[in-house]
Amino acid sequence: MSAEASAQPTPPDADAGPELRAALLDTMRAMGGAGLNVGSAGNASVRLPSPACMLITPSGLPAERCRPEDMAVVGADGNWRGLFAPSSEWQLHRDIYAAFPDAGAILHAHAPFATALACQRLDIPPFHYMIARFGGSTVRCARYATFGTQALSDAAVAALHQRSACLLANHGMVVFGRELQHALALAIEFETLCEQYWRTLQLGPPVLLSTEEMAEVIERFRWYGKPRG
Ligand SMILES: [Zn+2]
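Residues numbered from 1 in each chain as written. Predicted model: local features only at pLDDT ≥ 70, side-chain atom pairs only at ≥ 80, totals over all residues. Heavy atoms only, no water.

K.L.:
Hey, could you run me through the pairing of strand S5 (residues 105–109) in this one?
P.N.:
Regular strands have side chains that alternate between both faces of the sheet. Among the five residues that make up S5, five are buried, leaving the element largely enclosed by the rest of the structure. Here S5 shows two buried faces, one formed by Ala105, Leu107 and Ala109 and the other by Ile106 and His108. Here S5 pairs with strand S8 (residues 172–177) via five bridges, running antiparallel. Each residue of the ladder has a partner; that of Ala109, found in S8, is Met173. (Buried < 20%, exposed > 50% of the residue type's maximum accessible area, 1.4 Å probe, protein only. Helix = DSSP H or I, 4+ residues; strand = E, 2+ residues; numbered from the N terminus. Pairing = 2+ DSSP bridges.)

Set out below in structure tokens:
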């Protein structure tokens, strides 16, 4: 597989409709509105049926200047079609879709509190029961690798094992959900948890929930499908 998206766009044999393009752009703008992204940092994608892989936000364009037609269609082989090249993190998105069949949409952001924890290379422990929303009793921090590389993608896929969120060391966060709205809600929840962990660390090491306590929470989430507060 090539390390970069092809310089000349080669269209995958599928396209995305205008509604999905608009929904992806709305999600990217909502990430900014929620304080997850500033400027052209961060990106978002939504899974497309094979042979296309995804519709993804373009490289280097701030969300406020993007139009729905600027979203790029990318195939699993990295070939793409669009007015602008796909986000430089397209490999990260592609490999998450390949590794996790329940990923329908992926958001990547340099959200302030998640990034602060990522710069400390901290796994987030079970300091709060809502950590279980992301699949287990911790949220991992992926090992450091340069942005836009296969090494970063490999590190993120490993950190996402049985999880729907991870930190990227000295970089930011990745969250996936069933579809765009779900992924956005999870990303906002995750940044909130990162802020809460950051704040509690100011007071000293938090009291962590036990393995048994987290197992009970995970079981309740499995039954109810969503937290009941
Ligand atoms: Zn990034």
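K.L.:
Looking at this model, I keep getting lost on the packing of aromatic side chains. Mind explaining?
P.N.:
Describing an aromatic ring pair means giving the distance of the ring centres and the angle of the ring planes. Under the criterion given, the structure shown has five aromatic pairs. Residues Phe100 and Phe176 carry aromatic rings whose centres are separated by 5.5 Å and whose planes lie at 25° to one another, so their mutual orientation is stacked. Linking Phe100 in the loop between helix H2 (90–99) and S5 with Phe176 in strand S8, this pair joins segments that are 76 residues apart in sequence. (Phe/Tyr/Trp six-rings, centres within 6.5 Å; stacked < 30°, edge-to-face > 60°.)

K.L.:
How do you make sense of helix H6 (residues 211–224) when you look at a structure like this?
P.N.:
Think of an α-helix as 3.6 residues a turn; residues three or four steps apart then line up on the same face. Across its 14 residues, H6 extends 20 Å between first and last C-alpha, which sits within 8% of the 20 Å expected from 1.5 Å per residue. Those residues of H6 that sit buried are Met214, Val217 and Phe221. The buried residues of H6 occupy one face: seen down the axis, they fall within an arc of 60°. Seen from the buried face of H6, the exposed residues on the opposite side, beyond 90 degrees, are Thr211, Glu212, Glu216, Arg222 and Trp223. (Expected span 1.5 Å × (residues − 1). Arc of directions from axis to C-beta.)

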